[in-house]
Amino acid sequence: QYGQPFNSGNIMSKTAKNTIVMLGGSIGQKLVSLVYFTFLARTLGKSLTGEYTAALALSTLFVVFVDLGLTNVLIRNGAQEKDRAEDLFSCVFSIKIITGFLSYVSLLLTCLLLKFDATFILLVSILGVTMLVDSFHLSMYGYLRTRSQLQFEALGMVGSQIITLVIGTICL
């Protein structure tokens, strides 16, 4: 902060701590994901796993248009101007509501235009909602990054993956 001497050791310590926390969260998320997809593949079999993967890929194509790089702008500008981070977050979140709605409608219209069967469209619509929620999580994590509170992001990454595992298992 202003008026305080620069302490590179403190910054390095915080950077190392944040790196370790994020690494742990990422590893935890990947392990839960591995368990979930292994369970899916064994439960659904080859054909249904292929349909699930196709629906996931289609949903992912459209969810890209929800963020449009806004989370990166939030992180960069919010870290530079901490007093404006909340306003930036509100702006990004508002834009994402609009782009999310447009992307989701476009996803469903694409499914209808390509004349996919009703079961596949239902699966795509569920996965589309999941992807939208993930996109909003991304912006929330971006706000936390502006505050250097990465431990909450790490917990959220693992927690959201566990929620996906539980809900996905129940829905099967």
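Rules behind the numbers
- Residues numbered from 1 in each chain as written.
- Predicted model: local features only at pLDDT ≥ 70, side-chain atom pairs only at ≥ 80, totals over all residues.
- Heavy atoms only, no water.
- Helix = DSSP H or I, 4+ residues; strand = E, 2+ residues; numbered from the N terminus.
- Buried < 20%, exposed > 50% of the residue type's maximum accessible area, 1.4 Å probe, protein only.
- Contact = heavy atoms within 4.5 Å.
- Areas by Shrake-Rupley, 256 points an atom, 1.4 Å probe, with all protein chains shown as cover.
- Lys, Arg positive; Asp, Glu negative; His and termini not counted.
- Charge placed at Lys NZ, Arg CZ, Asp CG, Glu CD.
- 1 Å grid on protein atoms, 1.4 Å probe; cavity = no way out; pocket = protein on both sides within 12 Å on 5 of 7 lines; lining within 4 Å.
- Points joined across faces, edges and corners; volume = space filled by probe spheres on them.
- Nonpolar A, V, L, I, M, F, W, Y, C, P; charged D, E, K, R; others polar.
- Salt bridge = Lys/Arg side-chain N within 4 Å of Asp/Glu carboxyl O.
- pLDDT = per-residue confidence, 0-100.
- Phe/Tyr/Trp six-rings, centres within 6.5 Å; stacked < 30°, edge-to-face > 60°.
- Axes fitted to C-alpha atoms, helices over the stretch in contact; angles between N-to-C directions.
- Parallel < 35°, antiparallel > 145°, perpendicular 65-115°, else oblique.
- Left-handed = near helix turned anticlockwise from the far one by under 90°.

Novice: Honestly, the overall build of the chain in this entry has me stumped. Any pointers?
Specialist: When its secondary structure is counted, the chain shows five helices and zero strands. Traced from its N-terminal end to its C-terminal end, the chain shows the element sequence α-α-α-α-α. Counting across all 172 residues of the chain, residues that qualify as buried make up 32%. Counting only contacts in the chain whose residues sit at least 6 apart along the sequence, the fraction spanning at least 24 positions is 79%. Here the chain has roughly 10,900 Å² of accessible surface; of this, 70% comes from carbon and sulfur atoms. Considering the chain, the positive charge centre built from 12 side chains and the negative charge centre built from 9 side chains are found 7 Å apart.

Novice: Sorry if this is basic, but what is going on with the layout of surface pockets here?
Specialist: In this model, the largest pocket occupies a volume close to 1,300 Å³. Taken together, the elements giving at least two residues each to the lining of the largest pocket come down to α1 (8-67), α2 (70-80), α4 (118-146) and α5 (150-171). In terms of residue count, the dominant contributor to the lining of the largest pocket is α4 (16 residues). The residue makeup of the lining of the largest pocket, split by class, is 23 nonpolar, 14 polar and six charged.

Novice: So what exactly am I meant to see when it comes to the pattern of salt bridges here?
Specialist: Where side chains of opposite charge bring their charged atoms close, a pairing between them can arise. Here the structure, examined in full by the defined rule, presents three salt bridges. Of the charged contacts in the structure, one is a salt bridge between Glu81 and Arg84, with a shortest N-O distance of 3.2 Å. Judged by relative accessible area, which is 31%, Glu81 ranks as partly exposed. Judged by its relative accessible area of 36%, Arg84 is partly exposed. Notably, a salt bridge pairs Arg145 with Glu153, separated by 2.8 Å at the nearest N-O pair.

Novice: What is the right way to look at empty space enclosed by the protein in this model?
Specialist: It is the rolling of a water-molecule-sized probe over the atoms that shows where space remains empty. Going through the model one piece at a time under the given rule, you end up with one cavity of 30 Å³ or more. Roughly 50 Å³ of internal volume is contained in the largest cavity. Forming the walls of the largest cavity are Ser59, Phe62, Val63, Val66, Ser103, Tyr104, Leu107, Gly128, Met131 and Leu132. Of all the elements in the fold, those that place two or more residues in the lining of the largest cavity are α1, α3 (85-113) and α4. The biggest single contributor to the lining of the largest cavity is α1, with four residues. Grouping the constituent residues of the lining of the largest cavity by class yields seven nonpolar, three polar and no charged.

Novice: Explanation requested: the confidence of the model for the chain in the structure shown.
Specialist: Reading predicted coordinates in detail is not appropriate for stretches of low pLDDT. Here the chain shows a mean pLDDT of 87. Residues at 70 or above account for 92%. The secondary-structure element of the chain with the lowest mean pLDDT is α5, recorded at 83, while α3 shows the highest, at 96.

Novice: Help me understand the packing of aromatic side chains in this model?
Specialist: When we look at a pair of aromatic rings, we describe it by the centre distance and by the angle of the planes. By the definition in use, this model includes six aromatic pairs. Ring centres 5.6 Å apart and planes at 65 degrees place the aromatic pair Tyr36 and Phe37 in the edge-to-face group. The class for Tyr36 is buried, based on a relative accessible area of 5%. Take Phe37: its relative accessible area is 35%, and that puts it in the partly exposed class. Seen in terms of ring centroids, Phe93 and Phe136 are 4.9 Å apart; in terms of plane orientation they differ by 45 degrees. Their pairing is tilted. Taken together, the residues Phe93 in helix α3 and Phe136 in helix α4 connect sequence positions 43 residues apart. Of the residues examined, Phe136 reaches a relative accessible area of 17% and is grouped as buried.

Novice: Got a minute to help me understand the packing of α2 against α4 in this structure?
Specialist: If you want to describe how two helices pack, look at the angle between their axes and the distance between the axes. Orientation of α2 relative to α4, taken along the N-to-C sense of each, is 15 degrees, at an axis distance of 8 Å. When the axis of α2 is compared with that of α4, the two are roughly parallel. Remark: the crossing between α2 and α4 carries right-handed chirality. Within the contact between the two elements, α2 uses Thr71, Leu74, Ile75, Gly78 and Ala79 and α4 uses Leu138, Ser139, Gly142, Tyr143, Arg145 and Thr146.

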